[in-house]
Amino acid sequence: MKKIQGNDSLQRINYLYQISKKVVEKNPVLSAYYGNLAVNVAKKNVLKIHPDIKRQLCKKCRCVLIDKKSAKVKIKTKNKAKHIELTCNTCKMTKEYPANKGKSHRLWLENPEAVVEIVN
Ligand SMILES: [Zn+2]
């Protein structure tokens, strides 16, 4: 098992994000709590959360948005450009962002690169 340095804020954020992701299906409120903690750690240390992680957090309640588990994902087409719309199952907040142009149509949710580091 890899040791996690307590002082490394980025690792802490990554760790909180992963716990948040693990508990979201069973307990979205707890997930939102960890999501909030991660955001607060980032704010306190003036750090930017990795955009892939940021995209997965609900902007209102901060729980992790996972398709069919904690969020509904819709693909919309606007002016010929694809957009991904996420609806949080916990607070019903929606967020939308453009799908990557020219890249594969795989959702970022399914992308293994979205996971920076696995912590067990
Ligand atoms: Zn939410």
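Look up a bit, the structure's there.
First, a word on what this report is: a plain description of the structure on this page. Bear in mind the structure is a predicted one, so any value in this text is a computation, not a measurement.

1. A word on the overall build of the protein
1) Next: Each helix and strand counted, the protein has three helices and three strands in total.
2) Next: Listed by position from the N terminus, the elements making up the protein come as α-α-α-β-β-β.
3) Next: When burial is assessed residue by residue, the protein has 36% of its 120 residues classed as buried.
4) Next: Of the roughly 8,300 Å² of accessible surface on the protein, a fraction of 53% belongs to carbon and sulfur atoms.

2. Some details on the coordination of the zinc ion
1) Next: Taken together, Cys58 (SG), Cys61 (SG), Cys88 (SG) and Cys91 (SG) make up the full set of protein donors to the zinc ion, lying 2.3 Å away.
2) Next: Seen from the zinc ion, its four donor atoms lie at angles of 101 to 114°, and the figure they make is tetrahedral.

3. Overview of helix α2 (residues 28-44)
Residues lying three or four places apart along an α-helix face the same way, a consequence of the helix completing one turn every 3.6 residues.
1) Next: Between its first and last C-alpha, α2 extends 24 Å over 17 residues, near the 24 Å set by a 1.5 Å rise per residue.
2) Next: Against the buried residues of α2 lie α1 (9-23).
3) Next: In the segment just after α2, Val46 is the residue with positive phi, at about 50°.

4. Quick look at the pattern of salt bridges
1) Next: For the coordinates displayed, the defined rule picks out six salt bridges.
2) Next: Lys76 is the salt-bridge partner of Glu85, the closest N and O atoms lying 2.7 Å from each other.
3) Next: By relative accessible area, which is 10% here, Glu85 ends up buried.
4) Next: Of the charged contacts, one joins Glu96 and Lys76 as a salt bridge, the two residues approaching to 3.8 Å between their closest N and O atoms. Of the two residues, Glu96 sits in strand β3 (residues 94-98) while Lys76 sits in strand β1 (residues 71-78), which places them 20 residues apart along the sequence.
5) Next: Since its relative accessible area comes to 33%, Glu96 is described here as partly exposed.
6) Next: Judged by its relative accessible area of 30%, Lys76 falls in the partly exposed class.

5. Describing the nonpolar core
1) Next: Ile13, Leu16, Ile49 and Val64 are the most contacted members of the largest nonpolar core, which totals 15 residues.
2) Next: Only α1 and α2 provide two or more residues apiece to this core.
3) Next: In terms of residues, this core owes the most to one element, α2, which gives five residues.
4) Next: Not counting the four nearest positions on each side in its chain, Ile49 is found in contact with Ile13, Ala38, Val39, Ala42 and Lys54.

6. With respect to unusual backbone geometry
1) Next: Not every positive phi belongs to a glycine, and Arg62 is a case in point at roughly 65°.
2) Next: The topology assignment puts Arg62 in the loop between α3 (51-56) and β1.
3) Next: Of the residues examined, Arg62 reaches a relative accessible area of 22% and is grouped as partly exposed.

Definitions and limits used
- Residues numbered from 1 in each chain as written.
- Predicted model: local features only at pLDDT ≥ 70, side-chain atom pairs only at ≥ 80, totals over all residues.
- Heavy atoms only, no water.
- Helix = DSSP H or I, 4+ residues; strand = E, 2+ residues; numbered from the N terminus.
- Buried < 20%, exposed > 50% of the residue type's maximum accessible area, 1.4 Å probe, protein only.
- Areas by Shrake-Rupley, 256 points an atom, 1.4 Å probe, with all protein chains shown as cover.
- Donors = N, O, S within 2.8 Å, 3.2 Å for Na, K, Ca; no water.
- Tetrahedral: all angles 85-135°; square planar, octahedral: opposite > 155°, others 65-115°.
- Expected span 1.5 Å × (residues − 1).
- Contact = heavy atoms within 4.5 Å.
- Salt bridge = Lys/Arg side-chain N within 4 Å of Asp/Glu carboxyl O.
- Core = buried A, V, L, I, M, F, W, Y, C linked by side-chain atoms within 4.5 Å.

Function cannot be read off these values alone, since they describe shape.
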